Amino acid sequence: MKTTPPTRPFRILFVCLGNICRSPAAEIVCRAALAEAGLDGQVQVDSCGTASYHTGSRPDARMLAALERAGFAYGGHRARTLRRADAAEFDLIIPQDRENLRDVLAVFPAEAAAKVRPMSEWFPAGETRCEVPDPYYGGAEGFDDVVQLLRGAAQQLVHELIRKELQ
């Protein structure tokens, strides 16, 4: 770890389609992992959606229930839409699936592409999926599955931040 804090916190943005399921869950789970590692003051997290139809909404009630079952607390998140300015404001942008990755890259200037990395890069060893599945049209088990997948990915992400970004 660095002996002197950075001039500003490292900023991470999680992205999904509507910002009511996967990306707010990633934000909440990652925030908890950062706090557990003692990094909550050095890293800030946020989330957004590539589509605007849920802007201002709370996360899906089924996702909030899955997060609660897993021991995570809702922090008042309200959905927002991806902005071109996010490319400059965030150090790392993490889309949850390939479609959102494509949409983010279409919105951002080309020079921001290096900041965009899919969530699957931090999936735990042995995970065969290549993206975070969208649980919206399924039952509670899909939301629970996403929370567990994000929990493992958040732990890997925090370990990487400690090794590479915050040294």
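Let me begin by describing the structure that accompanies this report. (Residues numbered from 1 in each chain as written. Predicted model: local features only at pLDDT ≥ 70, side-chain atom pairs only at ≥ 80, totals over all residues. Heavy atoms only, no water.)

1. Some details on the sheet that holds strand E3 (residues 92–95)
Strand order in this open sheet of three strands is E2-E1-E3, and the pairing throughout is parallel. Among the strands making up the open sheet, the edge pair consists of strand E2 (43–49) and E3. Each adjacent strand pair in this sheet contributes to an overall mean axis angle of 20°, direction not counted. Both strand E1 (residues 10–16) and E2 contribute to a ladder of seven bridges, which runs parallel. (Pairing = 2+ DSSP bridges. Helix = DSSP H or I, 4+ residues; strand = E, 2+ residues; numbered from the N terminus. Axes fitted to C-alpha atoms, helices over the stretch in contact; angles between N-to-C directions.)

2. Digging into the nonpolar core
With 37 residues, the main nonpolar core has Ile12, Phe14, Met119 and Leu157 as its most contacted residues. Looking at this core, the elements with two or more residues in it are E1, helix H1 (22–36), E2, helix H2 (61–69), E3 and helix H5 (140–165). Not counting chain neighbours up to four residues away, the residues in contact with Phe14 comprise Ser23, Ala26, Glu27, Cys30, Val45, Asp46, Ser47, Cys48, Ile94, Gln96, Met119 and Leu157. Judged by nonpolar contacts, the second largest core, of 11 residues, contains Cys48, Ile93, Phe108 and Ala112. (Core = buried A, V, L, I, M, F, W, Y, C linked by side-chain atoms within 4.5 Å. Buried < 20%, exposed > 50% of the residue type's maximum accessible area, 1.4 Å probe, protein only. Contact = heavy atoms within 4.5 Å.)

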